[in-house]
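An overview of the molecular structure
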Amino acid sequence: MSDQQPATDNILELTDLSKRFGGLLAVDSVGLNIKRGEVFALIGPNGAGKTTLFNCVTGLYQPTSGKVMFDGKDITGSKPHQVARLGIARTFQNIRLFDYMSALDNVRVGHHVRMKAKMWDSLFKLPRERKEEAVITEKSMDLLRFVGIARQANKYARNLPYGQQRRLEIARALATQPKLLLLDEPAAGFTPQEKVELMQLVKKILARGITVFLIEHDMKVVMGISERIVVLDHGEKIAEGPPDEVRKDRRVIEAYLGKSA
Amino acid sequence: MSVGDLGFFLIVAIALVLLAGEAVAHPSQFAQVLVFGLADGAIYALVALGYTMVYGIIELINFAHGDVFTLGAYVGATIMAFFAGASEDSFLVANLIALLITFPVVMLIMGAVNITIERVAYRPLRNAPRLAPLITAIGMSFLLEGIMFLWHGPATVHVPDLLPHGAGFQTTIGGVFISFKDVFVVIAAAILVTLLAIFINGSKLGKAMRATAQDRDASQLMGININRTIAATFFIGAVLAGAGGMIWGLYFNTITYNLGFRTGLVAFTSAVFGGIGNIPGAALGGMVIGLTAAFSDNYIGSKWTQVVIFGILIGVLVFRPTGLLGMRVPEK
Amino acid sequence: MSEPTTVKKPGSLWARLHLRERIKDRDTAIYGVLLVVVLVWPMSTYYATGSSFLTSQAAHAGTWVLLAIGLNVVVGFAGLLDLGYAAFFAIGAYCYALFASFQLQSSPLHHAYHLPFWLMLFVGMFVAAAAGAILGFPTLRLRGDYLAIVTLGFGEIVPQLFLNLDQWTGGINAIGSIDQPSLPGWITGPWAGATSIAILPNFNFSYDPTAYYVLVVIMIIIAVVLVTNLHRSRLGRAWMAIREDEVAAAAMGINTVTTKLLAFSIGASFSGFAGAYYGASFGLVSPDSFLFVVSITVLVMVVLGGMGNITGVIVGAIAIYFVLNNVLVSLPTNAESFANAVGLGFITKTNGDWPGLAEEARRLQFLLYGLILVGMMLLRPQGLFPSRVREQELKHDAVVEEETVAEQVPAR
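What you are looking at is a predicted structure, and each value in this text was computed from that prediction instead of being measured. Each residue is numbered by its place in its chain's sequence as written, counting from 1. As they are written, the chains are lettered A onward and the ligands numbered 1 onward, keeping that order. Confidence filtering applies because this is a predicted model: local features only for residues at pLDDT of at least 70, side-chain atom pairs given and counted only at 80 or more, and all residues used for totals across whole chains, interfaces and linings. The side-chain figures draw on all heavy atoms in the structure; neither hydrogens nor water molecules are used.

All names here are of chain A. You will see that aspartate 71, though not glycine, has its phi angle at about 55°, which is positive. Put simply, DSSP marks the helices as runs of H or I at least four residues long and the strands as runs of E at least two long, and each gets a number from the N terminus on. As for its placement among the helices and strands, aspartate 71 is situated in the loop between strand 4 (65-70) and strand 5 (73-74). One non-glycine residue, glutamine 177, lies in the positive phi region at around 50°. Note that glutamine 177 resides in the loop between helix 6 (162-175) and strand 7 (180-184). Residue exposure (1.4 Å probe, protein chains only): buried if accessible area is under 20% of the type maximum, exposed if over 50%, otherwise partly exposed. Judged by relative accessible area, which is 40%, glutamine 177 ranks as partly exposed.

Encoded structure:
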């Protein structure tokens, strides 16, 4: 695999990205490029700054320094809703669904950013609004089917079992029609069977032309689906490459097992 | 420094300059207003502490708190009436005994009342929708006002004037009238706030309260009894409010059943002004708001005081939402 | 992709109404009962009492229903706590009262305006919405509870301003003899004491309290339709998403600041609209009609009825109005007549510290109201009629799901 790729091939480019909280440098000059159409994994021990990095990309945090380029555009410092509009969707490490809304409505909220209805259209239920609602409902059902929880459409999100909540979060993220999907520990708390299903789901997402960037602890999942891996430790990038190389990297082993090895 | 902070400090600076100008032009009048403002502010500070502690720990605007304050004055007035030996005309030993007994009794009763309120109206709703405890707080406020209304009706109630007062206990320094009562209010409040600070920072329970305010779940995992800690917070808040009610009663000598509503709102403003959840902030906020009210009464007109105070409240939240000393509320 | 979810079913109008299924649906049933009561109310109460008093009281209650529906958008849908809702109510009421009475004659303007009610209804609405936007803009980006505190402060300032600016508003003297709305024609009938149904030309609302009743019912129906439409739309879902989790909502591409601002302004516009109506129907606008208690009462109606659920909120508003204006108000007289009836007449007299039963019952009102609030909240923290998931017709979808799960190869 060659390192030199033309800029347009990268969907996401981070350059010297840093985030400081008081005295703590949570992300320390990280640079990485994610290619269009690949599954890219971010791993590292707890507290390595993985979620912080996600938050910097999605606009939840303002990076202290560095640059975030998405699809050839500089999005450093954009607001979360602007980032979503441009085509980055995400899930959260500790599931953040809209608890007292139905599963279907959760996914319909995901479509929000691609919908056109204005307040006046909705107030008077103009035909174009009705039509858009029907299309969105249909698309949302398709997405629920896509992740395999269509039966639960009318249930409150909070009443779904844990695994289905994770799937619903992915469906909701897909509804924003992203070019890049950020998954924050999608397999956390899953049974082996569920992990296999998740990996299949990620492949299906990839087949839709969506690039996947995920944080994951489970090495089986990471090795099984990702093409390239970046390892973060104490906010620093310590390794990058295809799974097989990273697995053998001395610094990675040290980071996970301690220096005694 | 952000734009908001800049705006905030600019406003504060302008206010200080205007006041300084007034202080130079009419020093004695200025000092007189200062005395009134300090006395009022001391009482607001005592009430504000209860708001800020409760908000800091369970994020509830405890609307009943102002009424606990008033109830303290009502109970105090009733107890003091029992001391037949005490006199309103001259300060006797009996007065001192009456005060020394009434203060702790009122404070304890109010603490017990507030613990009961928490137990009955707030604890069962701790996991309910956020607005449910707010409504019960309002309900409790009405309930307490209702009890006082039922007790003495709509008329003002007289609080025995047991503090030393009259010719021997007042003086005029450079045209400024100062009575023993003014001094008493400020010193009593200062003592109570200091005791609270020592308690919060030094005792195990105080530590538990601070920990619970930071992160309730983590504190629970560390073995802190959350229910007891929250109850203790309500208890201490009410002890201070009860003392505040007593002091108010002894200072002004008249109270009405709905006194707590306006006083409560002003005290709550003080808490926000100082930085909600922040204990020194509430004390400072109370003093600042008390002074502001006194200056507004005197220089702008008392009918505008409410507009000034709530205008400040909005201004603070817009320009510097964390208040003077920074807010301390549970992390989400 | 698959075919649309809702399939158009042929059949008679009756069949298309799905009446049998709808009665099973709680909210539809409530609307049905309310509609029937609303229709028979003027006639039946007139026959029962011989006056239109109950009809005009219902018209007054309607103001509160409008307020509650509006506040529900802010609190129930968007999850924003507004403790100064009465301020916008005051703005609407004063908007109408100032420009539809002789008040400005004695102001520095020295000229009275008499603008038409039908125009001022919307002016009041827009002025209140604008005030909401101005107040909300700097504060809605802050933590949730700060909005509550800012609105509380605003709610305290506004009535005080109307009180203090007495040169313009008459201050404590209030604004009276406010113009009554007029219409080119009106129908009167036995419900208003007339012997037969007749058409009244050049009708003025002061002739017949039923007119206000009809007006408020129409306004409420329009409000319910519009708010329901909003609730089930892109915007309504965005509000609920913000209520549930603001961070996740923003990550879904929702501009949380403008969306919240919209909820806040729409809520304020309802309040302003209701205020203008109140000014006309009550005929008197005074600064002490818009105190904190009013904001709290509307909030109680919303929370007690069932936040976010429009039918619940309407029922809550009616219930609280009834408790406050009937149960508690008539308590002293009722207690007195009850005591007399059971032979305890002596306790109605003043005796030493005992102020007499009626007075004692009057003093009890506050306490009882507090007890009702606490008790209701403890029994039903979610409100009387909490919102539920709206069932979608999805029967055939579940079947499709089985196939999709089975296939591992994606559609494209």
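That shown, we press on.
It is worth spelling out the interface of chain B and chain C at this point. Pairs of residues are marked as contacts when any of their non-hydrogen atoms sit within 4.5 Å. Counting from both sides, the interface comprises 50 residues of chain B and, opposite them, 43 residues of chain C. Two parts placed together each lose some accessible area; with a 1.4 Å probe, that loss summed over both constitutes the buried area. Per-residue buried area on chain B facing chain C is highest for Ile135, Phe142 and Leu150 of chain B; these three make up 16% of the total on that side. Each salt bridge in this description consists of a side-chain nitrogen of Lys or Arg and a carboxyl oxygen of Asp or Glu lying within 4 Å of one another. The tally of links from chain B across to chain C stands at 1 salt bridge. Measuring nitrogen to oxygen at the nearest pair gives 2.8 Å for the salt bridge that ties glutamate 156 of chain C to arginine 262 of chain B. Sorting the residues of the side of chain B that touches chain C by element identifies helix 4 (93-122), helix 5 (131-152), helix 10 (259-274) and helix 12 (305-319) of chain B as the ones contributing at least two each. Per-element tally for the side of chain B that touches chain C: the top contributor is helix 5 of chain B, with 16 residues. As a working rule, the residues Ala, Val, Leu, Ile, Met, Phe, Trp, Tyr, Cys and Pro are called nonpolar, Asp, Glu, Lys and Arg charged, and the rest polar, with Gly in that last group. In terms of residue class, the side of chain B that touches chain C is made up of 37 nonpolar, 8 polar and 5 charged.

For the rest of this paragraph, the subject is the pairing of strand 7 of chain A. Residues and elements named next belong to chain A. Burial within strand 7 is extensive, with 5 of its 5 residues counted as buried. Alternating positions in strand 7 separate into two faces, Leu180, Leu182 and Asp184 on one and Leu181 and Leu183 on the other, with burial throughout. Note: strand 6 (residues 88-90) against strand 7, 3 bridges, orientation parallel. Bridge pairing in strand 7 links arginine 90 to leucine 182. Pairing between strand 7 and strand 8 (residues 211-215): 5 bridges, direction parallel. What sits directly across from leucine 181, in strand 8, is valine 212. After leaving strand 7, the chain enters helix 7 (residues 192-207) and then returns to the sheet as strand 8, a path that is right-handed. Strand pairing follows a simple DSSP-based rule, namely that at least 2 bridges must link the two strands. Whether a crossover is right-handed depends on one test, that the path from the first strand over the helix to the second runs clockwise when the strands point away from the viewer.

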